[in-house]
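Single-letter residue listing:
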Amino acid sequence: MPELNTYRSKRDASRTPEPVPASDPSGSEPPAQLTFVIQEHHATALHWDFRLERDGVLVSWAVPKGLPTDPKSNHLAIHTEDHPLEYGGFSGEIPAGEYGGGSVMLWDHGTYECVSWTDRQVEVVLHGERVSGRYVLFATGKRDRDWMVHRKDPAPAGTEPMPKLIRPMLLTTITELPRDDDNYGFEFKWDGVRTIVYVDGGRPRAMSRNDIDVTASYPELRAMAESLGSTRVILDGEIVAFDRDGRPSFGHLQSRMHVTGAAQVRRAAQLTPATYLIFDLLYLDGVPLLDEPYEKRRELLDGLELAGPSWQTPPWFRGGGAAVWEASAQQRLEGIVAKRLDSRYLPGKRSDTWRKLKHVRTQEVVVAGWKPGEGRRDGSFGSLLLGVNDDSGLSYIGHVGTGFDERALRELTTELATRATEEQPFATAPPRADVRDAHWVQPTLVGEVAFSEWTTDGRLRHPSWRGLRPDKEPSEVVRES
């Protein structure tokens, strides 16, 4: 017999707005049509409560990622206590500190047909407003609460599974604005780290440009993902840290880029909050968008209205590149990006349909060695020997000795020590005067410098260190401008 003693034991009607009936179901005749309800529950962790009417109660499962739309993907379903039928119409706020504290919203409801029902497997056909199809729930372990849910029907027409990995499309450096201005959308260029974020079931997975999972390093992404609820997306954007003047600062972000331990991440997030600036939408609720034009992708992204304390969708502008360029200079931003309105998204490829124009010239570099320091840098390095890749291999482009704060000096000294080698890694030996007293390292460390110009012999003029780029691979580093 169904009973609600477990349900009542976890709730106090004087402290929660949830329905708390005084007695168990009376065992009346079953209805002509059985009902189901799905409630979106923002508790300690976001989940969806899936409830099926049976014998006068709602038999319930908590499904962390919601019901699957793809039969190739089973979702965890935690069997919970039966709920009263009145709960099927409940929406509201369960007070903090109470069982299941958080907001509850009605996500879907409808009727269902029962195909089979045993203690360890339930098969139903749902007829809802948002979910329809044949599903089976099945127990997986010794505990009564360990279940999974599987969709038996094919995925809805026109939907595809979420890709596991999309590499970011890359930009071409330009020195002047496009002449066919009206064919481009313009964005501000942000001084941060490119990151693709996959959101499924209100949970984020963040991947760097070199395919490293950085989700744990940026807990700010959790709130953004939860705000999306059941919306499944792949977002392209940049993680930035702002300085005291409210401008993105790559230097500030350095303290977040190398931290992985949970305690260190929490401390770093408090000291240097990060913000995810979103500028492209690559997948939306089963529909890949890579082949859609940039203009349509941006309109769909804007329609999601993604904005919160640690995530924003910055504006973009159809045409008017000169005004955007001037505004970026006034705000002392890194520069602007011009994207053709009709451009497709080309994963991992560099295309001239996406162009960047920068106020400050920067260059990614491979660290190939170092020269000893003097004075306050005695015992550390005085400058780093730098290279970029070209047709012949790694080519020497000079050395950098400025732009290092005390933290950077310490971190780099440690990194250099672990990469020490006897062989110089350049394809062609650098000028002897430049590498006198040099110590060589394996060319696996990537950084970034600002500089004024290239010399006629291919050297950086007036370079200044900006920071490490753990999101980049040495093989990607080529001369940009």
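Residues numbered from 1 in each chain as written. Predicted model: local features only at pLDDT ≥ 70, side-chain atom pairs only at ≥ 80, totals over all residues. Heavy atoms only, no water.

Chemist: Outline the overall build of the protein chain, supporting the account with residue identities and numerical values.
Modeler: Helices and strands together make up the secondary structure of the protein chain, namely seven helices and 29 strands. Taking all 481 residues of the protein chain together, 49% fall into the buried category. The long-range fraction of contacts in the protein chain, counting pairs at least 24 apart against all pairs at least 6 apart in sequence, stands at 63%. Accessible area for the protein chain stands at about 23,000 Å²; split by element, carbon and sulfur atoms hold 49% of it. In the protein chain, 59 side chains carry a positive charge and 71 a negative one; their mean positions are 5 Å apart. (Helix = DSSP H or I, 4+ residues; strand = E, 2+ residues; numbered from the N terminus. Buried < 20%, exposed > 50% of the residue type's maximum accessible area, 1.4 Å probe, protein only. Contact = heavy atoms within 4.5 Å. Areas by Shrake-Rupley, 256 points an atom, 1.4 Å probe, with all protein chains shown as cover. Lys, Arg positive; Asp, Glu negative; His and termini not counted. Charge placed at Lys NZ, Arg CZ, Asp CG, Glu CD.)

Chemist: Now, about helix α3 (residues 250–257): what can you tell me, with residues and values included?
Modeler: Of all eight residues making up α3, six are buried, and the element is well covered by its neighbours. Residues F250, L253, Q254, S255, R256 and M257 constitute the buried set of α3. In this fold, the buried residues of α3 make contact with β13 (193–200), α2 (220–227), β15 (233–240), α4 (262–271), α7 (406–418) and β29 (464–468).

Chemist: Requested: an account of the pattern of salt bridges, with residues and values cited.
Modeler: Across all of its chains, the model carries 37 salt bridges by this definition. Notably, a salt bridge pairs D211 with R167, separated by 2.5 Å at the nearest N-O pair. Here D211, found in the loop between β14 (203–208) and α2, pairs with R167, found in the loop between β10 (146–151) and β11 (170–173); they are 44 residues apart in sequence, far enough to count as distant. For D211, a relative accessible area of 26% gives the class partly exposed. Where R340 meets D342, a salt bridge forms, and the shortest distance between an N and an O atom there is 3.0 Å. Through salt bridges with shared partners, one network takes in D191, E448, R466, R469 and D471. (Salt bridge = Lys/Arg side-chain N within 4 Å of Asp/Glu carboxyl O.)

Chemist: For the packing of aromatic side chains, give the residues involved together with the corresponding values.
Modeler: Counting across every chain of the model gives 16 aromatic pairs. Ring geometry for Y87 versus F90: centroids 5.2 Å apart, planes at 55 degrees, classification tilted. Considered together, Y87 and F90 belong to a single accessibility category, that of buried residues. For the pair F451 and W454, a centre-to-centre distance of 5.3 Å together with 65 degrees between the ring planes defines the contact as edge-to-face. One exposure class covers both F451 and W454, and it is buried. R205 extends its terminal NZ or CZ atom over the ring of Y198, reaching a point 4.1 Å from the ring centre. (Phe/Tyr/Trp six-rings, centres within 6.5 Å; stacked < 30°, edge-to-face > 60°. Lys NZ or Arg CZ within 6 Å of the ring centre and 35° of its normal.)

Chemist: So what about the sheet that holds strand β20 (residues 335–340)? Which residues, and what values?
Modeler: On the basis of which strands lie adjacent, the open sheet formed by five strands has the order β11-β21-β20-β12-β19 and mixed pairing. Every other strand in the sheet has two partners, leaving β11 and β19 (317–318) as the edge strands with one partner each. As defined by bridge partners, strand β12 (residues 184–189) adjoins β20 across six bridges and the pair is classed as antiparallel. Within β20, the position partnered with E187 by the bridge is V337. In the packing of helix α5 (residues 294–304) onto the sheet, contacts are made with β12, β19, β20 and β21 (350–358), and the angle to β12 comes to roughly 55 degrees. (Pairing = 2+ DSSP bridges. Axes fitted to C-alpha atoms, helices over the stretch in contact; angles between N-to-C directions.)

Chemist: Could you give me a rundown of the side chain of S208, with the residues and numbers involved?
Modeler: With respect to the helices and strands, the residue S208 is situated in strand β14. In this structure S208 touches R194, V214 and D471, once residues within four positions along its chain are discounted.

Chemist: Now, about the side chain of T16: what can you tell me, with residues and values included?
Modeler: Inspection of the secondary structure puts T16 in the loop between α1 (5–9) and β1 (34–42). According to the relative accessible area criterion, T16 is buried, its value standing at 7%. Within polar-contact distance, the side chain of T16 engages the side chain of E18 at 2.7 Å. When sequence neighbours within four positions are dropped, the list of residues in contact with T16 reads R11, I94 and P95. (Polar contact = N/O pair within 3.5 Å; in protein donor to acceptor, adjacent residues only side chain to side chain.)

Chemist: Would you mind going over the nonpolar core in detail, with residue names and values included?
Modeler: Core analysis: the biggest nonpolar cluster contains 32 residues, and V367, L384, L386, F404, L412, L460 and W465 have the highest contact counts within it. Those elements that place two or more of their residues in this core are β22 (361–372), β23 (381–390), β24 (393–400), α7, β26 (439–451) and β29. The element contributing the most residues to this core is β26, with six residues. Contact partners of L412, with chain neighbours within four places excluded, come to F381, L384, F404, L445, W465 and L468. (Core = buried A, V, L, I, M, F, W, Y, C linked by side-chain atoms within 4.5 Å.)

Chemist: Tell me about the pairing of β13, and name the residues and values.
Modeler: Moving residue by residue along a regular strand, the side chains alternate between the two faces of the sheet. Counting buried positions along β13 yields eight of eight residues, so the element is predominantly enclosed. The alternating pattern of β13 places V193, T195, V197 and V199 on one face and R194, I196, Y198 and D200 on the opposite face, and all of these are buried. Direction of pairing for β13 relative to β15: antiparallel, over a ladder of seven bridges. Paired with V199 across the bridge in β15 is V233. Here β13 pairs with β14 via six bridges, running antiparallel. Bridge pairing links I196 to M207 in β14.

Chemist: Report on helix α6 (residues 321–330), specifying residues and quantitative values.
Modeler: For α6, the full list of buried residues reads G321, V324 and S328. For α6, the angular spread of buried residues about the axis comes to 60 degrees, placing them on one side. The exposed residues of α6 that point more than 90 degrees off its buried face are A322, A323 and Q330. For α6, the secondary structure elements touched by its buried residues are β12, β19 and β20. Note on α6: the residue one or two positions beyond its end, R332, has a positive phi of about 55 degrees. (Arc of directions from axis to C-beta.)

Functional significance is not addressed by these values, which are geometric in nature.
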